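Inside the fold
The lines below spell out each chain.
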Amino acid sequence: MKMRFVGLGLLIFFMLASLSYAGAPLDTVKVNADRVLDVLRDPKLKAPSAKEIKKKKLEVIYDEMFDEVELSRRTLARNWNKLNEAQRKEFVHLYHQVLEKAYADKILSYTDEKIVFDREVIVSASLAEVHTRIITSSKEIPIMYRVILSGGAWRVYDVVVENVSLVQNYRTQFNEILAKNSPEQLLEILRKKVKAS
Amino acid sequence: MVALLFTGCAHGPKAVSAPDPQAESLQIRLVSNAATPEPPDVNAPDEPSPYGDYTDEEESLDYPEEEAQVDVGKIADPIEPFNRAMYHFNDRLYFWVLKPVAEGYSKVVPEPARVSVSNFFSNLWTPVRLANCLLQLNPMGALTELFRFWVNTTIGVAGFFDPASSEEINLQAQDEDFGQTLGFYGVGQGFYIVWPVLGPSSPRDTLGRVGDYFTYPISYLDPWYVWTAVRGYEAINDTSLRIGDYEALKDAAIDPYVAMRDFYVQYRQKRVEARGTQPKPVSEKEAEGVRPTTPTGPMDRIFPLYRQEP
């Protein structure tokens, strides 16, 4: 009798363990965000000359934190199918660089903003939202991360800042471009954007 | 609204008859996720390549909420040449006039003082928010605004401070205006308009601004140049608190005009959908000190004169 309960207990234990193998979405985002903050706050990397080292470190975290391919697919949505595989790969690469160019310096200029993790919303077995706020001296900005379970971990595929979805915003822009141009021309526009400045 | 319903329907039936192998393997993946929650094997032969085709079914199966949002960023833009010209005009106005003036101003006036000025104006916007809470049948929102006004006008020293938003009192400003009220009653945006100086708008929100104008006490200042000067000062003060936001949007965009248009549409849509502003979730205690009354939205920040309610 006793053994049966032990067996049952073990069974439940293993079931729970396998259920939570990827951890909670909020915790995953929080762990990654903390790693970013650690790099930004690192006193050893305070010097302006350490900027490139910081960028390299952040890039490693970014790659783990974000599901770039998912981000790209959802940005292009139906237009994704107009690109062949080589073009898709290049698009993912270029899109990454566009985002890096746009946001790396913003992140590096971080000073003492506080990040508050409010809650997670489970959307489905493999999708969730993590709601956070960034608090600065003069304002408060709600930021929501959409995460997907991929490769055994929760990874970000959209960032929604003050209710405006990044993926949606770029989707509209790419839609507009692809309505008048070929995928190759879109890639050319992105190559130019990356090269500029 | 019609467009949303339309896309909603367009997705439904497709999910049933999907001959696309991609969609099938996706379904299998979903089912297997639900049944045996084991880490998906990266090398599994039937795992679709991440570079595989995009299917609409994915959106509807995977993320029901987003189904209706597929075309959220869409708005008719029949007067695009005019709008683009106005966009460039506003862009110049910002970089040549507003930004330098706001930068000079912020060198003279420290940030906490500027936040207080922003709080003061925000307090004066109370009638607009209150009226629109009532029009949207949101009595709790209206009461929140009444109490906020009372707390901030007294303890908050004529609105220069915002104790009502503090964690203890937790009365958040209700982000409501007449454009949103029209949206609440089912009036669509119509099409996109960029006004010189005022920025992105639509017929609905233009009409809304007229309503806001008549409800904002500052509009009744006499003579007209006093009103203009006060509104101008309000705009400069606001701009000084958000220098860099418009630049960020512009730098990140592939086509800044389209990025701004989508921003505007997404932002207004969500504000219509969200009735009022929820109290803050209880979290770790926040830093003491002055904070702005409302989390000012991106449009408010990006378009200085856009400010419908601070």
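Quantities reported herein were computed from a predicted structural model and do not represent experimental measurements.

For chain B, the count of helices and strands is 14 helices and two strands. For chain B, buried positions account for 38% of its 310 residues. Summarising the internal contacts of chain B: among those between residues at least 6 apart in sequence, 75% fall at separations of at least 24.

The nonpolar side chains of a soluble globular protein tend to be buried, and buried together. Ranked by internal contacts, the top residues of the largest apolar core, which has 28 residues, are Val-29, Val-130, Val-147 and Val-156 of chain A. Once residues lying within four places of it in the same chain are set aside, the contact partners of Val-147 of chain A are Pro-25, Val-29, Ala-128, Val-130, Trp-154, Arg-155, Val-156 and Tyr-157 of chain A. Residues Val-160 of chain A together with Met-86, Ala-253 and Tyr-264 of chain B belong to the second largest nonpolar core, which totals 16 residues.

All names here are of chain A. The sheet built from five strands is open, its strands ordered E1-E2-E3-E4-E5 with antiparallel pairing. Looking at the sheet topology across the chains shown, the edges are occupied by strand E1 (114–124) and strand E5 (164–165). With nine bridges connecting them, E1 and strand E2 (residues 127–135) associate as antiparallel partners. Note that in E2 the partner of Ser-124 across the bridge is Leu-127. Contacts from helix H4 (residues 68–76) reach strand E3 (140–150) and strand E4 (153–161) within the one sheet, and its direction differs from that of E4 by about 40°.

Residues and elements named next belong to chain A. Their axes nearest at 10 Å, the elements helix H2 (residues 25–41) and helix H3 (residues 51–65) cross at an angle of 180°. As summarised for this structure, H2 and H3 are arranged roughly antiparallel, according to the angle between their axes. The segment H2 lies against H3, with Asn-32, Arg-35, Val-36 and Val-39 engaging Lys-54, Lys-57, Leu-58, Ile-61, Glu-64 and Met-65. A per-class count over the contact of H2 with H3 returns five nonpolar, one polar and four charged.

What follows concerns the pairing of E2 of chain A. Residues and elements named next belong to chain A. Counted between consecutive antiparallel strands, the loop separating E1 from E2 contains two residues. Of the pairings in the sheet, the one linking E2 to E3 comprises nine bridges and is antiparallel in character. Each residue of the ladder has a partner; that of Val-130, found in E3, is Tyr-145. Between E2 and E3, which pair antiparallel in sequence order, lie four residues.

Residues three or four positions apart in an α-helix share a direction because the helix packs 3.6 residues into each turn. All names here are of chain B. Between the first and last C-alpha of helix H6 (residues 111–124) there are 20 Å, a value that for 14 residues agrees with the 20 Å anticipated at 1.5 Å per step. When you tally the buried positions in H6, you get 10 out of 14 residues, the bulk of the element. Of all the residues in H6, the buried ones are Arg-114, Val-115, Val-117, Ser-118, Asn-119, Phe-120, Phe-121, Ser-122, Asn-123 and Leu-124. Where H6 is buried, its residues contact helix H5 (80–108), helix H7 (126–135), helix H8 (139–154) and helix H11 (224–240).

Before going further, it helps to spend a moment on the environment of Ile-79 of chain B. All names here are of chain B. Its location among the elements puts Ile-79 in the loop between helix H4 (64–67) and H5. Judged by local crowding, Ile-79 falls into the partly exposed class, with 14 C-beta atoms found within 10 Å. Here the alpha-carbon distance between Ile-79 and Tyr-225, two residues 146 residues apart in the chain, equals 32 Å.

Parameters and conventions
- Numbers given to residues run from 1 along each chain, matching the order in which its sequence is written.
- The lettering of chains begins at A and the numbering of ligands begins at 1, in the order of writing.
- Since the coordinates come from a predicted model, pLDDT governs what is reported: local features require at least 70, and pairs of side-chain atoms require 80 or more to be given and counted, while whole-chain, interface and lining totals use all residues.
- Under the scheme used here, helices are H or I runs from DSSP no shorter than 4 residues and strands are E runs no shorter than 2 residues, and both carry numbers assigned from the N terminus.
- Between the buried cut of 20 or more and the exposed cut of 12 or fewer other C-beta atoms within 10 Å of a residue's own C-beta lies the partly exposed class, and all C-beta atoms are placed from the backbone.
- A residue pair is marked as a contact if its C-beta atoms, positioned from the backbone, fall within 7 Å.
- Under the definition applied here, buried Ala, Val, Leu, Ile, Met, Phe, Trp, Tyr and Cys residues are grouped into a nonpolar core through C-beta atoms within 7 Å.
- Note on pairing: DSSP must find at least two bridges between two strands before they are called paired.
- Angles run from 0 to 180 degrees between N-to-C directions of axes, and those axes are lines fitted to C-alpha atoms, restricted for helices to the stretch in contact.
- Angular relationships are summarised with four words: roughly parallel below 35 degrees, roughly antiparallel beyond 145, roughly perpendicular across 65 to 115, and oblique for the angles in between.
- Basically, the charged four are Asp, Glu, Lys and Arg, the nonpolar ten are Ala, Val, Leu, Ile, Met, Phe, Trp, Tyr, Cys and Pro, and anything else, Gly included, counts as polar.
- Between the first and last residue of a helix there are one fewer steps than residues, each counted as 1.5 Å, and that sum is the expected span.

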